[in-house]
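# Reading the structure
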Amino acid sequence: MEKIVQQPPFTILIEPTEGCNLGCWFCGLHGMREKGTKPWYFMNIETAYRIASEIKRVGWKSKIVFAQHGEPTLNPDFLEIVKVFRNYLPENIFHIYTNGYAINRAEDKDLYVEQMFDAGINNIIVDCYSENGDWNFINDLKRSWNIVYYTNKVPLYSKSKKPRILLLPPIQDNEKVTRKLANHCGAAAPLDRSYNNKRCAMPFRELAFRYDGSVSICCDDFRGEYPIANIFDMKIDDIWNHERFQAARIMLYNYNRNFRPCDGCTNISFKVGFLPDYKGAETLPPITEEVQTLAQSVHRFGPLSNIVKRKWEN
């Protein structure tokens, strides 16, 4: 298969923690842990150094998002990890998704928010999972922070370096789900193969690092069923242009999700006409037998996590 160089990712996801304190019913962590919570696996400083130094080496200006399959602030080294990335990447914009766990438990909530911004975070995106959730820390803040409520007129990912706290709307309102939730490739909800003839932009636009430095096809691949490589075994640009990524991109570019974990995934991407590059000016070749065979065989090298079968998988 001829190598195709993909343009750098828009987003690089960093997972400080795999595991959560909540165990929300709609989360794919239930497909990895019985209660969707523990055990908690933490990224260490060495892994942070390796990833950050590689991003600097290739000169990517991607936004950095601390998130993925767990609550980032559970990691006792979270602030130090952010500092490592900021030291290597002074110009990149840093975002974090949090349920507010560590902030709400801090003796001085304003001080902890200040420490997050000082470490290098630009945008604290707060998820509201329940009426009495940890997001309520915002009501205890005494300083005049830049707190913004998310609407369709407010950008989710601000391009400004000005510190911002963005409060997302509740996922549930009077027991009614207010957002369209993905099925996390079957780990959160049943597969739906009506999506199998749709393009997906995620492997073209994001590079998702798990807590141990491993990479799978995207963040919705909770269980790591489509492993690519590990940052300790390969350079970051070689991971991004790996033949496994390439096979998946050719399949998805050609409207074909018939390989795990994309088979039955309900993720919907935007601007899929602008693929494989930023402007949609380039093209990818048709699916060959070699490409299809490779894409459909990668799952044999996974998963990267434990699998807890859901009731619809038995």
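Source: prediction; values computed, not measured.

Scanning the protein for helices and strands turns up eight helices and 13 strands. For the protein, the spread of C-alpha atoms along the principal axes amounts to about 60 × 45 × 35 Å. The 314 residues of the protein split such that 55% are buried. Surface accessibility of the protein: about 14,800 Å² in total, with carbon and sulfur atoms responsible for 50%.

With that settled, consider helix α1 (residues 45-58). For α1, spanning 14 residues, the distance from its first C-alpha to its last is 20 Å, which sits close to the expected 20 Å at 1.5 Å a residue. Among all positions of α1, only T47, A48, I51, A52, E54 and I55 are buried. End-on view of α1: buried residues confined to an arc of 160 degrees, all on one side of the axis. With a side-chain oxygen lying 3.3 Å from the backbone nitrogen of E46, the N-terminal cap of α1 falls on N44. Count one or two residues on from α1 and you reach G59, which has phi positive near 75 degrees.

A few words on empty space enclosed by the protein. The tally for this structure, following the rule as stated, stands at three cavities of 30 Å³ or more. Taken as a whole, the largest cavity encloses approximately 90 Å³ of empty space. Residue lining of the largest cavity: 13 residues in total, with C200, C218, L252, C262 and C265 positioned closest to the centre. Looking at the second largest cavity, its volume works out to about 40 Å³. Taken together, I4, V5, Q6, Q246, R249 and L284 make up the full set of residues lining the second largest cavity.

On to the side chain of E18. With respect to the secondary-structure elements, E18 resides in strand β2 (residues 17-18). A relative accessible area of 2% means that E18 is categorised as buried. Within the structure, E18 has its side chain in polar contact with the side chain of R33 (distance 2.9 Å). Discounting residues that sit within four places of it in the chain, E18 has contacts with M32, R33, P39, W40, Y41, H69, R210, Y211 and S305.

Time to look at the packing of aromatic side chains. With the rule as written, the count across this model stands at 13 aromatic pairs. Summarising the aromatic geometry, the rings of W25 and F26 are spaced 5.3 Å apart at their centres and angled 85 degrees between planes, so their arrangement reads as edge-to-face. Residue classification places F26 among the buried positions, given a relative accessible area of 12%. Each ring, one from F66 and one from F94, has its centre 5.7 Å from the other, and the planes form 70 degrees; the classification is edge-to-face. One end of the pair, F66, is in strand β4 (residues 63-66); the other, F94, is in strand β5 (residues 94-98), with 28 residues separating them in the sequence. F66 sits in the buried class, given a relative accessible area of 0%.

Taken as a whole and judged by the stated rule, the model has 12 salt bridges. Measuring nitrogen to oxygen at the nearest pair gives 2.9 Å for the salt bridge that ties K161 to E91. Taken together, the positions of K161 in the loop between β7 (147-149) and β8 (164-167) and E91 in the loop between α2 (78-88) and β5 put the pair 70 residues apart, joining distant regions of the chain. Assessed through its relative accessible area of 51%, E91 is described here as exposed. Beyond isolated ion pairs, a larger network of salt bridges with shared partners links R50, E54, R57 and D237.

Each value, and the rule that gives it
Residues numbered from 1 in each chain as written. Predicted model: local features only at pLDDT ≥ 70, side-chain atom pairs only at ≥ 80, totals over all residues. Heavy atoms only, no water. Helix = DSSP H or I, 4+ residues; strand = E, 2+ residues; numbered from the N terminus. Buried < 20%, exposed > 50% of the residue type's maximum accessible area, 1.4 Å probe, protein only. Areas by Shrake-Rupley, 256 points an atom, 1.4 Å probe, with all protein chains shown as cover. Expected span 1.5 Å × (residues − 1). Arc of directions from axis to C-beta. Polar contact = N/O pair within 3.5 Å; in protein donor to acceptor, adjacent residues only side chain to side chain. 1 Å grid on protein atoms, 1.4 Å probe; cavity = no way out; pocket = protein on both sides within 12 Å on 5 of 7 lines; lining within 4 Å. Points joined across faces, edges and corners; volume = space filled by probe spheres on them. Contact = heavy atoms within 4.5 Å. Phe/Tyr/Trp six-rings, centres within 6.5 Å; stacked < 30°, edge-to-face > 60°. Salt bridge = Lys/Arg side-chain N within 4 Å of Asp/Glu carboxyl O.

Keep in mind these numbers describe shape, not what the thing actually does.
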